[in-house]
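Reading the structure
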Amino acid sequence: MSSLEATNRRNGLLFCLPWLIGLTVFLIFPLCAAFYYSLCDYSVLLPPVFIGFDNYVDLVKDPLFWKSLYNTAYYAAGSVLLGFVVSLTLALLLNSKVKGLGMYRTLFFLPSLMPVVAGSILWLWMYNGQSGIINTGLHHLGITGPAWLSDPAWAKPAIMLMAVWGAGNAMVIYLAGLQDVPTSLYEAALIDGAGFFQRLFNVTIPMISPVIYFNVVLSIIAGCQAFTQAFIMTGSSGAPERSTLFYVLNLYNVGFQDLRMGYASAMAWVLFIIILVLTFAATKLSKRWVTYDR
Amino acid sequence: MASPNPLTRTSPLVHLPLILLASLFAVPLVWLLLTSLQPREQVGKIPPEWLPRQNFVTVSGKTIAVTPPTLLGSDRLLVVPDSGPEAGERLLVEPTDYVDGQVKVRTPIADRIEEARYPAKVVQNVPGRFVIVKEWFLSKYTQREARVFYVDPNTIQNKVSPVIGNYPEAIRALTASEKDKTLPLSELLKKSSFPWTKKGDRTKTITFLTYLSNTLLVALLSVIGTLCSSSLVAYGLSRIQWKGRSTLFNITLATMMVPFPVLMVPLYGVFRSLGWIGTLMPLWVPMFFGGAFNIFLLRQFFLTIPSELSDAARIDGCSEFGIFWRVILPLARPALSVVALFTFLNAWNEFLGPLIFLTEPETFTMALGLQQYHSQFGGSEWHLLMAASALLVLPIIVLFFFAQKTFIQGISTTGMGGR
Amino acid sequence: MTGRYTGAWRAPPAARALLGALALAFGLLSCSPSESKQAPRRITYWEKWTGFEGEAMDAVIDDFNAKEVAHAKQDLNYAPIEVEKVTISNVEQKLLIAIAGGSPPDLAGNYSFYVAAYADGGALTDLGPMLSKAGFDRSAYIDHYMKLGEYRGKTWALPIAPASVALLTNKRLFREAGLDPEKPPVTIEELDAYAAKLTKWEVTLPSGEKKVESGYLPDVPASQKRLIQAGFLPGEPGWWSYGWGYFFGGSLVAGQDQITAADPRNIQAFNWVASYSKNLGIGVTKRFRSGFGNFASPQNAFLSGKVAMVLQGVWMHNFIEKYAPGLQWGAAAFPYPAGHPELANTTSADADVLVIPKDSAHPQEAFEFIKYVTSQPVLEKLCLGQQKFTPLKNVSDEFFQVHPNPYIRLFRELGMSKNAFSIPQTGIWNEYDRELGNAVDLIQNLTETPNVALSDVQTKMQTALDRSQRILARRNAK
């Protein structure tokens, strides 16, 4: 018995060896190193100089840090919410045994496969003030479109809109979730005389809540990492008026343009903690309303 | 109404919002494709046009694509001087500049203009209602001078005609060496430097194929690495009972919350001390050590395989690795293909990693090469940018149509927490 | 000294004779001219320019490599240096990442304004020892440009292609507006008056009829007028927006440790910038600007005649030739505020520089190439190709004769003017630049007054500079 245990332990460790190495070298060590660097002046080229918590103190006083945090929170919240509404709506529409489901699904899904670099260049072109297709389209509807990416008030919504275009991914997930909801529940609801919205909020959403929870957490984490869209569409300074200076963009500037790796590491740790707290909060919240039994 | 009510029959009305939304979703892709086929004069027109159109004139039986016409406005003479700096050239002059068989030629020298008269012959009387058009060249790297025609505006035909040539031109534009851009495309591509080309080889140059091969190399190595490592680890975490397994699994789950940006500064330090900055290694080597999400996904799948199968194999004398290799892996093919597909996609689309770890164009991936091109020539040449973007997107779309089922199933399962 | 060209390098005649004799001796010893026995010493050079500037550098590199091969044929024991050029976009970012990552090129071209930041970060090799050993004559350079490579008492970079900026005017539009094209504005006030006259709108009359009017038309509502031509836009192209203060006598730093962003003259300058946004309207300017094409295209605002006057650099001539041949243009020193003739001939004068990164694998070979490039004939070839002037005090007559830019002397004189300014040498320029860029955004959008925006920059950047000084002090203490 104990020999079997020993063999299993050896085998288990052997099978997990690549991951144990990867975990240490590419995750735990960097994470610890980042914490150490965050307590130092570190330009990579010169050895780190220990300065205690100065970087964190500077961070709290740095208006750019707060600005980028605000921008990221705004973007993450907006894109998660919009993405959720759009993808769930699409999934609900498609879940009605509609003809040509495959074709619609493909159409909605394809944009989500678009590489971010290509997508950003494409949307930059579409948002163009004069010859862009979006404002021309709005013009035909009698609306004078905003200057989008060159207007501080519209730049973030513009990038959000682009994110919504990629909502096909979540749609496919919700669709799969919806198709798992047993029809007996709807039958029961119908007998009780539940209307459309009652069925939606009392049957459908509770039934797919685990899926929603999982995807919302993942998309919050993704939203916090927004970088490429802004880097390509509005440049690394986060123009106009820093309205698209996202947290990771700021981190990149500080770390890889100013070579203030210590400060960047402090920023990285703060981001890490924010994500931890958000995930923890989401999990706590989910306990209250996510239904796992069926 | 549609859902959430799968019991009632589908109302045909549901197609209305669906068609509307589907066309909204399709607009960007259609726009990408159509503008990538427009001639450069058409791109940036106000208001924008959808279908690619070009002007054509017929000259001595041949139909030639030409640039947009400009009106002459007043009667002119087309003359050819016999001598002087412009001897043999066709000049369009004011009738008043041509007196007694001599033409007045103005030559700008620095900021003043010199005038002189030279004998010349009249070739054509051009009425003022005529227009000037130039031969339309696909490539701005063409050496030859464009021919100029003075024609009746009514003879110009405006036809819908896609400029397929934008694609080779975009490939040309992505080439690093200025000198080589004038070469024929096949020769240009033959000079491509590849990841296995000797560094600093002056006969080679960085072309589209360089970026493509770098991307494919990284993507394929990442797929191989992920498949090997993640399946091993997932096996160790699901099908062997050992102390510490659940701890390791929980840690694995937790690491899914550590995004790359948190790690990029210290990882840069790690790769620096390994001497990997400026090489493709940071992009694929870590894949050989597993990734949390893929491990999680495969573990969930492995758990669904009945343990009787392994037990039977064990009784037959199979080693643990033998069970993994001969029993579990063949059964896990659907899950493995999902993992492979997503790893490939991620590698193909990845931008921040290449941006930080790659320094020389020789090692750039497609995404980075496209961004560099955009940062140099952005704001103009949208037709070429769109063609270049299409080159980055098309392989993914083709892949999608070949593996549609894996895509949809894969996303459904991953998104539902691997259930 | 032989020849007309002296450049910045003194080769002692004795050494030259010795070298010649040696070469001759080897030539005699080796009867048949065979290939060098030594493998070439390859060095990588990172270049930032594509297009014609890149081609000019290509030609110089080809010459150098050919010269080295020829040398190796003479002297079989000499291993020729072979320079390989790699073009890198955003070189100022990529270079730093590569140096920090431990895989730098042997030699790189950079912008002069990154020298300080790179030097503070420990990313460059001090050229001083190599320069003094090689008999470098600092005084051969125009002082202003030479200083761009010097920081904290060391020489980190040598300038190769300098630039200066001037007011370029479209003479046709001047004539159309009833102005004398040969008399560009001399004072800022004149510039403003000219700009108003050169501004044209398409006005929609109540009858629906359209007609072109000039001036700012403050009484016509924005919905009834469409801007079709601007006299002057401070934001076009906006590459020197950080420096408007200098044209009014302001500055961005004082000494090594003081930020002067909120200097009253800077505020005055940006009030002037804001006046254009006020006159034209922010929405109008934005919409008008979004219709401009890429800089290097016929749709460029100045080349297409949409803007009549721009602040632009010496290289613009090449773009005019390429994208708007036949454009009648003029160049003059940028105007100064009335009553301040001491501010005449103010210009932004920065340069392209060559640097040897820290941990360069072949610093000696890289330096040989720097030495070659910075000799007068080679610099003249390079700068002619890049359509700039050279950073040297001596200029050959041919250079001006064959130079295609009719205003090259003007640009050179501006570069030598006492009012030539360059981006301040400070290690925090990256941040300062981003901060100023944001302030310019806010000012041009009339979101903030110049006073508020610049005071904000002042506070933030003084903090940043103090921090950076603190870090340097700590490092030096170690």
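Calculation notes
Residues numbered from 1 in each chain as written. Chains lettered and ligands numbered in written order. Predicted model: local features only at pLDDT ≥ 70, side-chain atom pairs only at ≥ 80, totals over all residues. Helix = DSSP H or I, 4+ residues; strand = E, 2+ residues; numbered from the N terminus. Contact = placed C-beta atoms within 7 Å. Rg over C-alpha atoms; globule rule 2.2 N^0.38 Å. Buried ≥ 20, exposed ≤ 12 C-beta atoms within 10 Å, placed from the backbone. Nonpolar A, V, L, I, M, F, W, Y, C, P; charged D, E, K, R; others polar. pLDDT = per-residue confidence, 0-100. Pairing = 2+ DSSP bridges. Axes fitted to C-alpha atoms, helices over the stretch in contact; angles between N-to-C directions. Expected span 1.5 Å × (residues − 1). Bend = angle between axes of the 7 residues up to and from the residue. Parallel < 35°, antiparallel > 145°, perpendicular 65-115°, else oblique. Core = buried A, V, L, I, M, F, W, Y, C linked by C-beta atoms within 7 Å.

**With respect to the overall build of chain A**
When its secondary structure is counted, chain A shows 14 helices and two strands. Over its C-alpha atoms, taken along the principal directions, chain A stretches across nearly 75 × 70 × 30 Å. In chain A, of all internal contacts separated by at least 6 residues, the share reaching a separation of at least 24 is 68%.

**Details of the overall build of chain C**
Check the secondary structure of chain C and you find 18 helices and 17 strands. Whereas a compact globule of 478 residues would reach a radius of gyration of roughly 23 Å, chain C reaches 25 Å, a difference of no more than 12%. C-alpha extents for chain C along the principal axes are approximately 95 × 55 × 40 Å. Out of the 478 residues in chain C, the part that is buried amounts to 47%.

**Description of the interface of chain C and chain A**
Listed as interface residues are 28 residues of chain C and, on the opposing side, 22 residues of chain A. Put simply, the parts of the chain that give the side of chain C that touches chain A at least two residues each are helix H3 (91–100), helix H11 (282–290), helix H17 (429–444) and helix H18 (450–477) of chain C. The leading source of residues in the side of chain C that touches chain A is H17(C), at seven residues. Per-class residue counts for the side of chain C that touches chain A are seven nonpolar, 10 polar and 11 charged.

**Points about the confidence of the model for chain C**
Residues and elements named next belong to chain C. Of all residues in chain C, 91% attain a pLDDT of 70 or more, and the chain-wide mean is 87. Throughout residues 1–6 the model reports pLDDT below 50, and contacts reaching past four residues in sequence, or to other chains, amount to nine contacts. Contacts from residues 19–34, a stretch scored under 50 in pLDDT, to residues over four places away or in other chains number eight contacts. Across the assembled chains, the prediction reports ipTM 0.91 with pTM 0.88.

**Focus: the interface of chain A and chain B**
With 85 residues of chain A in contact, the opposing surface of chain B contributes 78 residues. Counting residues per element, the side of chain A that touches chain B draws most heavily on helix H1 (residues 2–38) of chain A, which supplies 19 residues.

**Some thoughts on the sheet that holds strand S2 (residues 62–66) of chain B**
Paired through backbone hydrogen bonds, the strands of a sheet run either parallel or antiparallel to each other. Residues and elements named next belong to chain B. With respect to topology, three strands assemble into an open sheet ordered S2-S1-S11, the strand pairing being antiparallel. Pairing within the sheet leaves two strands with one partner each, and these edge strands are S2 and strand S11 (157–160). Taking the axes of each pair of neighbouring strands and ignoring which way they run, one obtains an average angle of 45° across the sheet. Bridge count between strand S1 (residues 53–59) and S2: five bridges; the pairing is antiparallel. When the bridges of S2 are listed, Thr58 appears paired with Thr63.

**So, unusual backbone geometry**
A cis amide bond links Glu236(C) with the next residue in sequence, Pro237(C), at an omega value of -5°. One non-glycine residue with positive phi stands out, namely Ser60(B), at about 40°. Along the chain, Ser60(B) falls in the loop between S1 and S2.

**Points about helix H11 (residues 209–224) of chain A**
Between the first and last C-alpha of H11(A) there are 22 Å, a value that for 16 residues agrees with the 22 Å anticipated at 1.5 Å per step. Listed in full, the buried residues belonging to H11(A) are Val211(A), Ile212(A), Phe214(A), Asn215(A), Val217(A), Leu218(A), Ser219(A), Gly223(A) and Cys224(A). Contact partners of the buried residues in H11(A): helix H3 (63–94), helix H8 (168–179), helix H13 (247–257) and helix H14 (261–289) of chain A together with helix H15 (404–415) of chain B.

**What about the sheet that holds strand S10 (residues 148–151) of chain B?**
Strand order in this open sheet of three strands is S3-S9-S10 (chain B), and the pairing throughout is antiparallel. The open sheet has two edge strands, strand S3 (70–71) and S10 of chain B, and neither has a second partner.

**Side note on the environment of Tyr150(B)**
Residues and elements named next belong to chain B. Here Tyr150 shows up in strand S10. Taking the number of C-beta atoms within 10 Å as the measure of exposure, Tyr150 has 19 and is therefore partly exposed. In sequence terms Tyr150 and Leu92 are 58 residues apart; their C-alpha atoms lie 9.5 Å from each other. Setting aside residues up to four positions removed in sequence, Tyr150 forms contacts with Leu78, Gln124, Val126, Phe130 and Ile132.

**Focus on helix H14 (residues 382–402) of chain B**
In a regular helix each residue adds 1.5 Å, so 21 residues correspond to 30 Å; H14(B) covers 30 Å between its end C-alpha atoms and thus fits that length. Of all the bends in H14(B), the greatest, near 30°, is centred on Val393(B), and the proline Pro395(B) appears no more than four residues after it. Taken together, the buried positions of H14(B) are Trp382(B), His383(B), Leu384(B), Leu385(B), Met386(B), Ala387(B), Ala388(B), Ser389(B), Ala390(B), Leu391(B), Leu392(B) and Val393(B). Buried residues along H14(B) sit against helix H5 (116–126) of chain A together with helix H1 (15–35), helix H2 (166–173) and helix H13 (366–377) of chain B.

**Digging into the packing of H8(A) against H15(B)**
Put simply, H8(A) and H15(B) touch, their axes get as near as 8 Å, and they point 75° apart. With respect to their mutual orientation, H8(A) and H15(B) come out roughly perpendicular. Here H8(A) contributes Asn169(A), Val172(A), Ile173(A) and Ala176(A) to the contact with H15(B), which in turn contributes Ile408(B), Ile411(B), Ser412(B) and Gly415(B). The class makeup of the residues in the contact of H8(A) with H15(B) is five nonpolar, three polar and no charged.

**Remarks on the nonpolar core**
Counting 302 residues, the largest nonpolar core has Tyr174(A), Ala388(B), Val115(C), Ala166(C) and Leu382(C) as the members making the most contacts within it. Ranked by residues supplied to this core, first place goes to H3(A) with 12 residues. When neighbours within four sequence positions are excluded, Leu382(C) is seen to be in contact with Ala56(C), Met57(C), Val60(C), Ile160(C), Ala161(C) and Val373(C). Ranked by size, the runner-up nonpolar core spans five residues in total, among them Val66(B), Val126(B), Val131(B) and Val133(B).

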